[in-house]
Amino acid sequence: MPLEFESLSHGRIAFGFFNIETDLILLNQYFLFAGDFCNYISYITEKADEFFETTWEVFEVKPENTGNLMGAIHGIDHNGFIGEVYKLFPFPEYQEDFKQKPEGDQTRSEIETLILKYGKRVHIRFAINFKGDRVTIGEYILNHTTFQELIRYVWLGGLPRWKNHIRPEYVMSMKEKIAKSKNPLFYGCDLTA
C-alpha cells in the first residue's frame, strides 16, 4: 500500500507499491518499477559530489486516468489504470496472503502495456542540491530524511512487507551500494530491518 510522505514542495505525497503482483511504485502521478528505482539509487550512490543532476524515465498518468485504489482493492471500481491492474490481479482473498511478491518484476511487460493505455513515458529531473540535503524528483522536493524513508519503504517491501522476507536481487544490490557510498545523501540510511 502506498503511504504518505512529507515533501517540502507539495505537503504530503503518496509513494509506494499498490498491488502485490507487480513491482510498480507510484509517486503521486508518476509510476516506476522498483527495479528501476533501485538502479537509479544505486547509480547515485557512486556519485560522491554533493550536487548531482540527471533524469529518470518514469510513466506519468494524469489523476483522472489513475483510478480509485480503495475501490479497486474492494473490487467495486475497476476504472482507470489501477482498476485495470486489480482486474488482472485482484486483492488476495485472505489477509495473510497480502505480501509484496519479490517476483513482481515478472509482470512488467504486461503492466507496461497496460499503463501506456492511460499514460506516457516521460523523463523527469532528479537532482541533489549543493548541500546534499535536498532531493528533487520531478516536481517534488524532499529533504534527505524523507528521501531515505522512500528507500527504506522499498527495502522493507512497503506496508505488507516482502513475502517470506525475500527481497529481489535489485533491492539487495541497492543496499550493498548504499552501505559503501561516500555520498552524504545516504549517511544514516537504515536498511537493517
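Just so we're clear, the structure is a prediction, and the values are computed from it rather than from any experiment.

Looking at the state of the cysteines
- Scanning all chains against the criterion turns up zero disulfides.
- With no disulfide of its own, Cys189 lies closest to Cys38 among cysteine sulfurs, the gap being 11 Å.

A look at the pairing of strand 6 (residues 119-128)
- Across ten bridges, strand 5 (residues 52-61) lies against strand 6 in antiparallel orientation. Bridged to Glu53 within strand 6 is Ala127.
- In the sheet, strand 6 pairs with strand 7 (residues 134-137) via three bridges, with the strands oriented antiparallel. If you follow Phe126 over to strand 7, its bridge partner there is Ile137.

Some words on the packing of helix 1 (residues 34-45) against helix 7 (residues 169-180)
- One can describe the packing of helix 1 onto helix 7 by two numbers: an axis separation of 9 Å at closest approach and a directional angle of 15°. Taken together, the axes of helix 1 and helix 7 lie roughly parallel to each other. When you trace helix 1 past helix 7, the crossing you get is left-handed. Here Ala34, Gly35, Cys38, Ile41, Ser42 and Thr45 of helix 1 come into contact with helix 7, specifically with Tyr170, Val171, Ser173, Met174, Lys177 and Ile178.
- By residue class, the composition of the contact of helix 1 with helix 7 is seven nonpolar, four polar and one charged.

Examining the packing of aromatic side chains
- Tallied over the entire structure, the rule returns 19 aromatic pairs.
- The interplanar angle of 65° and the centroid separation of 6.0 Å between the aromatic rings of Phe18 and Phe81 together place this pair among those described as edge-to-face. Of the two residues, Phe18 is situated in the loop between strand 2 (12-17) and strand 3 (24-27) and Phe81 in helix 4 (residues 80-88); the sequence distance between them amounts to 63 residues. By the burial criterion, Phe18 is buried, and Phe81 matches it.
- Both rings, one in Phe31 and one in Phe81, keep their centres 5.4 Å apart while their planes meet at 85°; by these two values the pair is edge-to-face. In this pair, Phe31 is assigned in strand 4 (residues 30-33) and Phe81 in helix 4, connecting sequence segments 50 residues apart.
- Judged by its relative accessible area of 0%, Phe31 is buried.
- Residue class for Phe81 comes out buried when judged on its relative accessible area of 0%.

Brief notes about the side chain of Asn183
- Position of Asn183 relative to the elements: it lies in the segment after helix 7.
- You can call Asn183 buried: its relative accessible area is 1%.
- Look past the residues within four positions of Asn183 in its chain and what remains in contact with it is Ile44, Thr45, Lys47, Asp49 and Ile128.

Notes on the pattern of salt bridges
- In the structure shown here, the tally under the stated rule is eleven salt bridges.
- A salt bridge links Arg12 to Glu6; the nearest nitrogen and oxygen atoms lie 3.0 Å apart.
- Accessibility expressed as a relative area gives 48% for Arg12, which makes it partly exposed.
- Of the residues examined, Glu6 reaches a relative accessible area of 39% and is grouped as partly exposed.
- The salt bridge involving Glu21 is made with Lys101; its shortest N-O contact spans 2.6 Å. Here the residue Glu21 occupies a position in the loop between strand 2 and strand 3, and Lys101 occupies one in the loop between helix 4 and helix 5 (108-118), the gap between them amounting to 80 residues.
- Ionic contacts of the salt-bridge type, sharing partners, join the residues Asp36, Glu57, Arg108, Glu112 and Arg121 into one network.

Rules and cut-offs
- Residues numbered from 1 in each chain as written.
- Predicted model: local features only at pLDDT ≥ 70, side-chain atom pairs only at ≥ 80, totals over all residues.
- Heavy atoms only, no water.
- Disulfide = S-S within 2.5 Å.
- Pairing = 2+ DSSP bridges.
- Helix = DSSP H or I, 4+ residues; strand = E, 2+ residues; numbered from the N terminus.
- Axes fitted to C-alpha atoms, helices over the stretch in contact; angles between N-to-C directions.
- Parallel < 35°, antiparallel > 145°, perpendicular 65-115°, else oblique.
- Left-handed = near helix turned anticlockwise from the far one by under 90°.
- Contact = heavy atoms within 4.5 Å.
- Nonpolar A, V, L, I, M, F, W, Y, C, P; charged D, E, K, R; others polar.
- Phe/Tyr/Trp six-rings, centres within 6.5 Å; stacked < 30°, edge-to-face > 60°.
- Buried < 20%, exposed > 50% of the residue type's maximum accessible area, 1.4 Å probe, protein only.
- Salt bridge = Lys/Arg side-chain N within 4 Å of Asp/Glu carboxyl O.

Remember that the coordinates give geometry; whether it matters functionally is a separate question.
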